[in-house]
Amino acid sequence: MELVQAMLDAWNHGGPGDLVRFMADEHEWVEVEGRPESPAGPSRRGRDAMQSSLSALFDAWESYRLEPEQVAEVDGERVIAVVREVARGRTSGLEVASRWGYLITLREGQITRVEAYRDADKAL
């Protein structure tokens, strides 16, 4: 759980490079129920793809943070994180908020898979 908390902190206070350092070289990030409009598609594999995707995301927003509501161990390899996503548009200045659920798989001190759910209850 500490690793996931540290990743969320890096998301909120660092850049894409700070975030991907928590991920295994060949991790997979899957938008199980997420952003179909993403040019990268529903899945990203590897640090380079994730860093590129995050750079594009962070560039589109003036601010973008994940406020943890719940972080809990599911079993010996998985953690669930329910977050409130809050972002302010770079051009419009409008703030948007939504609730997400992430099912995160960890092995040997690194994140190997993230399943993102726009409906946090489905992740739970």
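Throughout what follows, the structure given in this document is the object of discussion. From a predicted model like this one, the values you see are computed outputs, not experimental measurements.

### Focus: the pairing of strand β3 (residues 61-73)
Thinking step 1. The sheet contact formed by β3 and strand β4 (residues 78-89) spans eleven bridges and is antiparallel. The residue of β4 that forms the bridge with valine 71 is alanine 81.
Thinking step 2. The turn joining β3 and β4, which pair antiparallel and follow one another in sequence, is formed by four residues.

### Some remarks on the environment of leucine 94
Thinking step 1. Its location among the elements puts leucine 94 in the loop between β4 and β5 (95-107).
Thinking step 2. The sequence separation of leucine 94 and tryptophan 61 amounts to 33 residues, and the corresponding C-alpha distance is 9.8 Å.
Thinking step 3. Not counting residues within four places of it along the chain, the set of residues in contact with leucine 94 comprises Ala87, Arg88 and Gly89.

### Quick word on helix α3 (residues 47-60)
Thinking step 1. Look at α3: 20 Å from first C-alpha to last across 14 residues, which is about the 20 Å you get at 1.5 Å a residue.
Thinking step 2. Burial in α3 covers these residues: Met50, Ser53, Leu54, Leu57 and Phe58. For α3, the angular spread of the buried residues around the axis is 130°, confining them to a single face. α3 presents Asp48, Ala56 and Asp59 as exposed residues on the side facing more than 90 degrees away from its buried surface.

### Re the side chain of glutamate 28
Thinking step 1. Within the fold, glutamate 28 resides in strand β1 (residues 23-33).
Thinking step 2. For glutamate 28, the side chain forms a polar contact with the side chain of arginine 113, separated by 2.7 Å.
Thinking step 3. Residues contacting glutamate 28, with those up to four places away along its chain left out, are Ser43, Arg44, Arg45, Thr112, Arg113 and Val114.

### Digging into unusual backbone geometry
Thinking step 1. The phi dihedral of glutamate 108 is positive, around 50°, even though this residue is not glycine.
Thinking step 2. Note on placement: glutamate 108 falls in the loop between β5 and β6 (110-117).
Thinking step 3. Classification of glutamate 108 as exposed rests on a relative accessible area of 83%.

Cut-off values and rules
Residues numbered from 1 in each chain as written. Predicted model: local features only at pLDDT ≥ 70, side-chain atom pairs only at ≥ 80, totals over all residues. Heavy atoms only, no water. Pairing = 2+ DSSP bridges. Helix = DSSP H or I, 4+ residues; strand = E, 2+ residues; numbered from the N terminus. Contact = heavy atoms within 4.5 Å. Expected span 1.5 Å × (residues − 1). Buried < 20%, exposed > 50% of the residue type's maximum accessible area, 1.4 Å probe, protein only. Arc of directions from axis to C-beta. Polar contact = N/O pair within 3.5 Å; in protein donor to acceptor, adjacent residues only side chain to side chain.

These results come straight from atomic positions and should not be treated as a statement about function.
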